[in-house]
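Letter by letter, the chains look like this.
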Amino acid sequence: MSRRGAFIVVEGLDRSGKTTQTNLLCEHLSKIGDRPVKLIKFPDRTTPIGQMIDNYLRSKSELDDHAIHLLFSANRWEMRSSLLQLLNEGITVICDRYAFSGVAFTFAKSLVASAPESTRKLTYEWCRTPDAGLPAPDLILFLDISAEVAKLRGGYGDERYEKAELQQRVREVYKRIQDDMQTSGVHWISINASHEMEVVKQEICSYVKDLSNGVNEPIKSLWLT
Ligand code: Z5A
Ligand code: MG
């Protein structure tokens, strides 16, 4: 296996089916590809940093919005060397949420009228900076879903970000990230995730065929141009 593994990120709105589809994609790529496939997820709640994030999301602790943003990013940086190792060993890596979730959620908070003044001053650039230099994905699959369809998939849970106004802002910020990524030539595909699971799966599978047997190019760095 001389080709490195592909790095595929699945991003998307709340209840768009990221976890469902990353599992299905993992199974699919294991069948059609010539190499092992590994599924990872952010936040990774198993590490000490991940446990701080988990406590925050479940409202068991309070943190400044800047601090939690940096913890989400640190949670990716602590995984960086093992992620690179997997890719360099030729393993395909599927990732459920990545740095784009970081920017979408933190910048969305700054757009909420009731946010503290220091949070309202957060800029989009500031939100991107901590993740600049992480391994860049070869493909980002963005699962798009309307607020109405998301609602049909069950009410909001108990976690801190599961509130209608914030989720609306998150949608807007993801649109901005998508425009930026597409302008900079990154392979970002938006998928209508409102369809049935199998239909969404088929569409996703149609985009990954070329990556199933690895990639011949070096791993790029995120947001460092
Ligand atoms: N966050 C952040 O702020 N900064 C960061 O840097 C990162 C994350 C990485 C926790 O994330 C929070 O962390 C999240 C963003 C923030 N806050 N919010 N909101 P998480 O990834 O742990 O969140 P989650 O609990 O996994 O929720 P989710 O990702 O939004 O859900 P999902 O994975 O997209 O959906 P799902 O679990 O696959 O499916 C949801 C339900 O819909 C389930 O009952 C499925 O059976 C059903 N489903 C799935 N697909 C379909 C279709 N096609 N039709 C019908 N029903 C379906
Ligand atoms: Mg999920």
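A brief structural summary. Predicted model, so just to flag it, every value in this text is computed and none were measured.

1. Let's talk about the overall build of the protein chain
So, step 1. Helix and strand counts for the protein chain come out as 10 helices and five strands.
So, step 2. Computed over its C-alpha atoms, the radius of gyration of the protein chain comes to 17 Å, within 12% of the 17 Å expected for a compact globule of 225 residues.
So, step 3. Based on the C-alpha atoms only, the size of the protein chain along its principal axes is roughly 50 × 35 × 35 Å.
So, step 4. Counting all 225 residues of the protein chain, 51% fall into the buried class.
So, step 5. The long-range fraction of contacts in the protein chain, counting pairs at least 24 apart against all pairs at least 6 apart in sequence, stands at 82%.
So, step 6. Of the accessible surface of the protein chain, which amounts to about 10,800 Å², a share of 53% is contributed by carbon and sulfur atoms.
So, step 7. Within the protein chain, the 30 negative side-chain charges are centred at a point lying 1 Å from the centre of the 29 positive side-chain charges.

2. Topic: the side chain of Ser110
So, step 1. By the secondary structure assignment, Ser110 is in helix α5 (residues 99-110).
So, step 2. Owing to a relative accessible area of 7%, Ser110 belongs among the buried residues under this scheme.
So, step 3. Beyond its immediate sequence surroundings of up to four residues, Ser110 is in contact with Thr119, Arg120 and Leu122.

How each quantity is defined
The residue count restarts for each chain, going from 1 along the sequence in the order it is written. To label them, take the chains in the order written and letter them from A, then take the ligands in the order written and number them from 1. The model is predicted, so local features are restricted to residues of pLDDT at least 70 and side-chain atom pairs to those at 80 or more, both for listing and for counting; the totals for chains, interfaces and linings are taken over all residues. Neither water nor hydrogens contribute to the side-chain values; these are computed over all heavy atoms in the structure. A run of H or I in DSSP counts as a helix once it spans at least four residues, and a run of E counts as a strand once it spans at least two, with each numbered from the N terminus. C-alpha atoms define the radius of gyration, and 2.2 Å times the number of residues to the power 0.38 defines the globule rule. For every residue, the accessible area obtained with a 1.4 Å probe (protein chains only) is divided by the maximum for its type, and the residue is called buried under 20%, exposed over 50%, and partly exposed between those limits. For this analysis, residues touch if any pair of their heavy atoms sits within 4.5 Å. Computed by Shrake-Rupley with a 1.4 Å probe, the accessible areas treat only the displayed protein chains as cover when residues are assessed. When charges are counted, Lys and Arg contribute as positive and Asp and Glu as negative, whereas His and the chain ends are disregarded. For the purpose of locating charges, the reference atoms are NZ of Lys, CZ of Arg, CG of Asp and CD of Glu.

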